[in-house]
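An overview of the molecular structure
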Amino acid sequence: MTESKYTTIEEALNKGSTDVNLRGWVYRERKSNKFVFIVLRDESDIIQCVISKEKNPKLFEKAEKLTIESSVMISGELKKDERAPTGYEISISDLEILQIAEPFPITEHQSPELLYDNRHLWLRSRKLNAVLKIRHTIVGAIHEFFRSHGYYEFDAPVFQPSQSEGGATLFEVKYFEDKTYLSQTWQLYAEAAIFSLGKIYNMGPTFRAERSKTSRHLAEFWMAEMEAAWMELEEVTEVAKDEIRFIVQQVLKHNRKELEILERDIKLLEHYAKAEYPTIKYAEALDLLNNKYKMNVPWGKDLRTIEEAKIAEHFKVPVVVTHYPIEIMGFYKPPSKENPKEALCFDMLAPEGYCEIVGGSERSLLVEDMVKRLKADGEDPSNYDWYFDLRKYGSVPHSGYGVGVERVVMWICGLDNIKDAIPFPRTLRRRTP
Ligand code: 4AD
Ligand code: MG
């Protein structure tokens, strides 16, 4: 690669006082009779630049035209300056303007909706820049975690002929003269592949027609899933804990600056990176909720957000809850031998109100039971014949789980809304730009 004379702002700041050549966009500008101040932005950072009328009248005149988000190339001298936002200031000696930007539609104090309407422009904000960098680390960490533990990456189809996580949230799409559905999970196809590859993982787009207008649901999100032959519930929950801890560790290693921009409590993340995460049964969770917190949750009901939040708040770290009532669980989650009313499944609940970030289970090996449960859900079990074949030809115990990538991004970044954890959010109300 040929060396460019341009560096990023971050590289320039790392070098300290020196002559620099930078390219970027005008993040802020302020003009007085004597000076033009520009805060320059690029992918790495921001830096204050100044042009003095007295020292450089021609350049001053040129710079006076600059507007927010104009694109520029500058040369100048970088010097320490306590008053500047990043502690340094550049005195500009040369300025090339590539484009004078039209008045930028985003100004300070905008409504969230306007920011979503202008998402293609809002991606440039320091906040989204920081979130996207942390997301990049999280995605990389997931690949690294599985690849370094002997898992193969395996891809499943996105067009799928039937539901696996409830018919109500299926997205139906036209498929030539017929119809099909968008993937709600990679799992069923992964269950076929473990007979070939043993331990596998994947991360991919996942679609659910979620009608719930919560701050934690997207219609299109990314799920990172794993599936492993010979693995039972206890072991798979430990893999999930190790994965989540590893993700937090990697973010702490690579993204301190971004966490500071987001004003995230880094001490708390350091705690999550090291702590043991407890495992409790659903029945124990109810004990806690009903006895200690005087809530009134009857056995058999799924935990609502406030209840999940309470449990995670109690432990102050991610908590694994296992053995939910089988009645409210998907057809592939098997009954426990000790108590068939309980399913061999788990959720991981994140603290600080972020709740469910992981869902998984052992997989049922009982074809008759699954047929019965599919029928009860109004499904035609014959659509699952290929899946039942997996129980006929060398069936083995196996388990897996899915991590909601945006849920994890949201939690680690401390975001209020999951829509900010993905570049272009898709929800019931939002499918543009
Ligand atoms: O708990 P879920 O529904 O589990 C499954 O789909 C399993 N088949 C996964 C598996 O065992 N391989 O979804 C897994 C995770 C949830 O814990 C949550 O973090 C996330 O995916 N998730 C969503 N994230 C954003 N928006 C939505 N609508 C989500 N639905 C689930
Ligand atoms: Mg779930």
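Residues numbered from 1 in each chain as written. Chains lettered and ligands numbered in written order. Predicted model: local features only at pLDDT ≥ 70, side-chain atom pairs only at ≥ 80, totals over all residues. Heavy atoms only, no water.

1. Quick notes on the overall build of the protein chain
When you go through the protein chain residue by residue, the secondary structure sums to 14 helices and 16 strands. In terms of principal-axis extent, the alpha carbons of the protein chain reach across some 85 × 55 × 40 Å. Counting across all 433 residues of the protein chain, residues that qualify as buried make up 52%. Counting only contacts in the protein chain whose residues sit at least 6 apart along the sequence, the fraction spanning at least 24 positions is 67%. Surface exposure of the protein chain reaches about 21800 Å², of which carbon and sulfur atoms provide 50%. Averaging the positions of the 60 positive and the 69 negative side-chain charges in the protein chain gives two centres separated by 5 Å. (Helix = DSSP H or I, 4+ residues; strand = E, 2+ residues; numbered from the N terminus. Buried < 20%, exposed > 50% of the residue type's maximum accessible area, 1.4 Å probe, protein only. Contact = heavy atoms within 4.5 Å. Areas by Shrake-Rupley, 256 points an atom, 1.4 Å probe, with all protein chains shown as cover. Lys, Arg positive; Asp, Glu negative; His and termini not counted. Charge placed at Lys NZ, Arg CZ, Asp CG, Glu CD.)

2. Some thoughts on the pattern of salt bridges
Charged atoms that come close allow side chains of opposite charge to pair. Scanning the model with the defined rule gives 25 salt bridges in all. One salt bridge connects Glu 227 with Arg 363, and the closest N-O pair in it is separated by 2.7 Å. Here Glu 227, found in strand β11 (residues 220-229), pairs with Arg 363, found in the loop between β15 (355-362) and α12 (367-376); they are 136 residues apart in sequence, far enough to count as distant. There is no split in this pair, since Glu 227 and Arg 363 are both buried. One salt bridge in this structure joins Asp 369 and Arg 373, with 3.0 Å as the shortest N-O distance. (Salt bridge = Lys/Arg side-chain N within 4 Å of Asp/Glu carboxyl O.)

3. Describing a nonpolar patch on the surface
Nonpolar side chains collect at one region of the surface, where Phe 159, Tyr 175 and Phe 176 lie side by side and expose about 350 Å² of accessible area between them. Here Phe 176 shows up in the loop between β8 (172-175) and β9 (178-182). (Patch = residues over 30% accessible without salt bridge, like charges linked within 9 Å, V, L, I, M, F, W, Y side chains within 5 Å.)

4. Focus on the site of ligand 1
Around ligand 1, the structure places 24 residues, and the nearest of them are Glu 165, Gln 187, Arg 208, Glu 225 and Glu 356. Glu 210 is positioned such that a nitrogen or oxygen atom in its side chain is 3.0 Å from a nitrogen atom of ligand 1. Within the contact set of ligand 1, a nitrogen atom lies 3.3 Å away from a side-chain nitrogen or oxygen of Tyr 332. For ligand 1, the accessible surface in isolation is 630 Å², of which the surrounding protein chains cover 95%. Here the shell around ligand 1 takes 5 residues from β15, the largest share from any one element. (Near = heavy atom within 4 Å. Polar contact = N/O pair within 3.5 Å; in protein donor to acceptor, adjacent residues only side chain to side chain.)

5. As for the sheet that holds strand β12 (residues 279-281)
Taken together, the 8 strands give an open sheet; going across it, the order is β6-β10-β11-β16-β15-β14-β13-β12, and neighbouring strands pair in mixed fashion. Because the sheet does not close on itself, it has two edges, and the strands there are β6 (152-153) and β12. In this sheet, strand β10 (residues 199-207) lies alongside β6 in parallel orientation, the contact comprising 2 bridges. In the sheet register, Glu 153 faces β10, and the bridge partner there is Tyr 201. (Pairing = 2+ DSSP bridges.)

6. Notes on helix α6 (residues 187-197)
Among the residues of α6, Gln 187, Leu 188, Tyr 189, Ala 190, Glu 191, Ala 193 and Ile 194 are the ones counted as buried. Buried residues belonging to α6 abut β7 (159-160), β10, β11, α13 (385-389) and β16 (398-404). Backbone geometry just after α6 places Gly 198 at a positive phi near 80°.

7. Digging into the sheet that holds β9
Sheets are built from strands that pair by backbone hydrogen bonding, the pairs being arranged parallel or antiparallel. With antiparallel pairing, the 3 strands of this open sheet are ordered in space as β7-β9-β8. In this open sheet, the two edge strands, each paired with only one partner strand, are β7 and β8.

8. Structural notes on helix α11 (residues 305-315)
Of all the positions in α11, only Glu 307, Glu 308, Ala 309, Ile 311 and Ala 312 are classed as buried. Elements in contact with the buried residues of α11: β12, α10 (282-292), β13 (319-322), β14 (345-350) and β15. After α11 finishes, the residue Lys 316 shows a positive phi value of roughly 65°.

9. Concerning the environment of Gln 110
Looking at the element boundaries, Gln 110 is found in the loop between β5 (88-99) and α3 (112-117). A relative accessible area of 23% places Gln 110 in the partly exposed class. Separated by 278 residues in the primary sequence, Gln 110 and Phe 388 have C-alpha atoms spaced 53 Å apart. One polar contact links the side chain of Gln 110 to the main-chain carbonyl oxygen of Pro 105, over a distance of 3.5 Å. Within the structure, the side chain of Gln 110 is placed 2.8 Å from the side chain of Thr 107, a separation counted as a polar contact.

10. Some thoughts on the pairing of strand β4 (residues 71-80)
Of all 10 residues in β4, 7 are buried, a share of seventy percent or more. When strand β1 (residues 18-31) meets β4, the two strands line up antiparallel, connected through 8 bridges. Counterpart to Trp 25 in the pairing with β4 is Ser 71. Pairing of β4 with β5 involves 10 bridges; the strand directions are antiparallel. Bridge pairing links Lys 79 to Glu 89 in β5.

Purely geometric stuff here, so don't read any function into it on its own.
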